[in-house]
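Analysis of the macromolecular model
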There are 2 protein chains.
Amino acid sequence: MRTRNQRTDRRTDALSKERIVDAAIEILDTDGESALTFRTLAARLATGSGAIYWHVADKNELLTAAANHIVARTLGASVNDADPREGIRAIALGVFNVIDIHPWVGTQLSREPWQTAMLQIFEGIGGRLRALGVPEQAQFDAASVLLNYILGVAGQNAANARLLPREVDRSAFLASIAARWTQHDPAEYPFVHQVAAQIPNHDDQEQFLAGINLILAGIESTR
Amino acid sequence: MRTRNQRTDRRTDALSKERIVDAAIEILDTDGESALTFRTLAARLATGSGAIYWHVADKNELLTAAANHIVARTLGASVNDADPREGIRAIALGVFNVIDIHPWVGTQLSREPWQTAMLQIFEGIGGRLRALGVPEQAQFDAASVLLNYILGVAGQNAANARLLPREVDRSAFLASIAARWTQHDPAEYPFVHQVAAQIPNHDDQEQFLAGINLILAGIESTR
DNA sequence: ATATTAATGGAACGTTGTTCCATAAGATCA
DNA sequence: TGATCTTATGGAACAACGTTCCATTAATAT
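Source: prediction; values computed, not measured.

Attention now moves to the interface of chain B and chain A. With 58 residues of chain B in contact, the opposing surface of chain A contributes 58 residues. Approximately 5,300 Å² of surface area, both sides summed, lies buried where chain B meets chain A, with 63% of it carried by carbon and sulfur atoms. Of all residues in chain B, Trp-114, Phe-140 and Phe-191 of chain B bury the most surface against chain A, accounting for 15% of the area lost on that side. Our count for the chain B to chain A interface comes out at 14 residue pairs in polar contact (both at pLDDT 80 or more). Broken down by secondary-structure element, the contributors of at least two residues to the side of chain B that touches chain A are helix H6 (103-111), helix H7 (116-132), helix H8 (136-163), helix H9 (170-182), helix H10 (190-196) and helix H11 (204-221) of chain B. Here the element with the most residues in the side of chain B that touches chain A is H8 of chain B; it accounts for 19 residues.

With that settled, the discussion passes to the packing of helix H4 (residues 59-77) of chain A against helix H6 (residues 103-111) of chain A. Residue and element names in this part refer to chain A. Taken N-terminus to C-terminus, the directions of H4 and H6 make an angle of 115 degrees; their axes are 10 Å apart at the nearest point. The handedness of the crossing between H4 and H6 comes out as left-handed. Residue-level contacts link Asn-60, Leu-63, Thr-64, Ala-66, Ala-67, Ile-70 and Val-71 of H4 to Trp-104, Val-105 and Gln-108 of H6. Of the residues in the contact of H4 with H6, the class split is seven nonpolar, three polar and no charged.

Least-squares fitting of chain B to chain A yields an RMSD of 0.0 Å, with the superposition described by an axial translation of 0.0 Å and a rotation of 180 degrees. The symmetry that links the two subunits is that of a two-fold axis. With an isologous cut-off of 70% or more, the 100% of interface residues of chain B that recur at the interface of chain A puts this contact in the isologous class.

Below, the discussion takes up the domain arrangement of chain A. Residues and elements named next belong to chain A. The domains assigned to chain A are domain 1 (12-56) and domain 2 (57-221). A C-alpha centroid distance of 28 Å is found between domain 1 and domain 2. Across the contact, 16 residues belong to domain 1 and 17 residues belong to domain 2. Interface of domain 1 and domain 2: buried area, both sides summed, is about 1,400 Å²; carbon and sulfur atoms make up 65% of it. Residues Lys-17 and Glu-61 are paired through a salt bridge, measuring 2.9 Å at the closest nitrogen-oxygen approach. If you look at where domain 1 meets domain 2, you find six residue pairs in polar contact (both at pLDDT 80 or more). For the side of domain 1 that touches domain 2, the secondary structure elements donating two or more residues are helix H1 (17-31), helix H2 (38-44) and helix H3 (49-55). Top element by residues in the side of domain 1 that touches domain 2 is H1. It accounts for nine residues. For the side of domain 1 that touches domain 2, the per-class residue count stands at ten nonpolar, two polar and four charged.

Before going further, it helps to spend a moment on the pattern of salt bridges. Charged atoms that come close allow side chains of opposite charge to pair. In total, this model carries 14 salt bridges over all chains according to the counting rule given. Here Glu-86 of chain A ties to Arg-89 of chain A by a salt bridge, and the two come within 2.6 Å at their closest N and O atoms. Within this pair, Glu-86 of chain A and its partner Arg-89 of chain A are both found in helix H5 (residues 84-101), separated by three residues, close to a single helical turn. Given the relative accessible area of 35%, Glu-86 of chain A is considered partly exposed. Residue Asp-204 of chain B pairs with Arg-170 of chain B through a salt bridge whose shortest N-O separation is 3.9 Å. Of the two residues, Asp-204 of chain B sits in helix H11 while Arg-170 of chain B sits in helix H9, which places them 34 residues apart along the sequence.

The rules we used
Residues numbered from 1 in each chain as written. Chains lettered and ligands numbered in written order. Predicted model: local features only at pLDDT ≥ 70, side-chain atom pairs only at ≥ 80, totals over all residues. Heavy atoms only, no water. Contact = heavy atoms within 4.5 Å. Buried area = accessible area lost by both parts, 1.4 Å probe. Polar contact = N/O pair within 3.5 Å; in protein donor to acceptor, adjacent residues only side chain to side chain. Helix = DSSP H or I, 4+ residues; strand = E, 2+ residues; numbered from the N terminus. Axes fitted to C-alpha atoms, helices over the stretch in contact; angles between N-to-C directions. Left-handed = near helix turned anticlockwise from the far one by under 90°. Nonpolar A, V, L, I, M, F, W, Y, C, P; charged D, E, K, R; others polar. Least-squares fit on C-alpha atoms with pLDDT ≥ 70 in both. Domains from an automatic or database assignment. Salt bridge = Lys/Arg side-chain N within 4 Å of Asp/Glu carboxyl O. Buried < 20%, exposed > 50% of the residue type's maximum accessible area, 1.4 Å probe, protein only.

Here it is in structure tokens:
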């Protein structure tokens, strides 16, 4: 009997979409978005780029699969179903935090529309809106605002992480942003100047949640 | 007197940042984001890429300048200051529509943080929130939700426009999205399935405005 | 007229995503 | 067991891109 057990004990170094996606995630996490190329990936997997293309259609599919993997894992964990409001906050915060750790996920979410990761977020939100008693007519709009707000913040945070040379002091980074803001004419940009003062001691995550709460308040007020 | 009048009657074909940005906008609008390269741009301006680099640092600066140009022109036009609520809606709708016409602006807004275009939107919103009577403490958070929601929608619409092969029938496009949604397991994605039915006769702009109204309601309810 | 600076345009460089293809490994069948 | 066919591999080659370099020209100042 030469036939090995189906798909079990093949060569241990066999390539697979899973191994490729895992390696891609490692590169993205440790060296950033720009470090992932088919050459670095092939080097890490000790193969050639042609072999990778046998398992993956193109770079876009690879990035989508990587982002889906991370988001699915995150959303699966954070389930709090006592209060639908809390459930929505937990989903939103989960996405926010996952992008804090893997900023490239934010880039991918805002670049590629209607991928599975987005639908998962959408479903999680929508189901809880129903539980909240939002009428069916209004559910689509309500879930859409929440999702787009989350995607907007995701994109911005990913973009910020892209410029941040890697672990630059956070307060120095905030200060440099505030400085850029105050360079504009105060007469033309009074609000920007007023807010620039609040930037240094400013908590991204707290402000993100405040946004979620404002939207939830809006959804519940228009019933 | 050989000296010509300062900066007036130079060679009529002289390059300038303005001419370069204008040409870039034309290419982006007529042939899409992927069509803008330093080669196509040089060809259109009948010059070489080196000459362009004398006026523009890199492609990022070029795109930022182009987006700022378009957004500034749009926001300058749509001023309605009878009601601050209407003013905010006008700004949001202005950005939405400008991205409908120039989708690449949406890509740029979500990719490059804290550029002038974003600050202009932020300032327009913030000033009107103040006029609305939102307490100063809450203005930052309130302006931030609105801005991030707008940016989220901007990014998604830009991404959609990128996939749309150019002027494909809109209803066919919506139908294909709904089809993709319903491919997922109905048991796992009940909300997505419910909403997929509403996609075909669905107005993007209307839903966008509904989102703005929900957020405004939330802002006004938590005072 | 001459020297200096500003601006030009096109060749060349290095990197990228992707394709191609000769070859090897695994499975199937005589 | 050996022959054949499919699956999978890895590295060379390609086209396109952003960017840099540099010899040359136009405009200005001396």
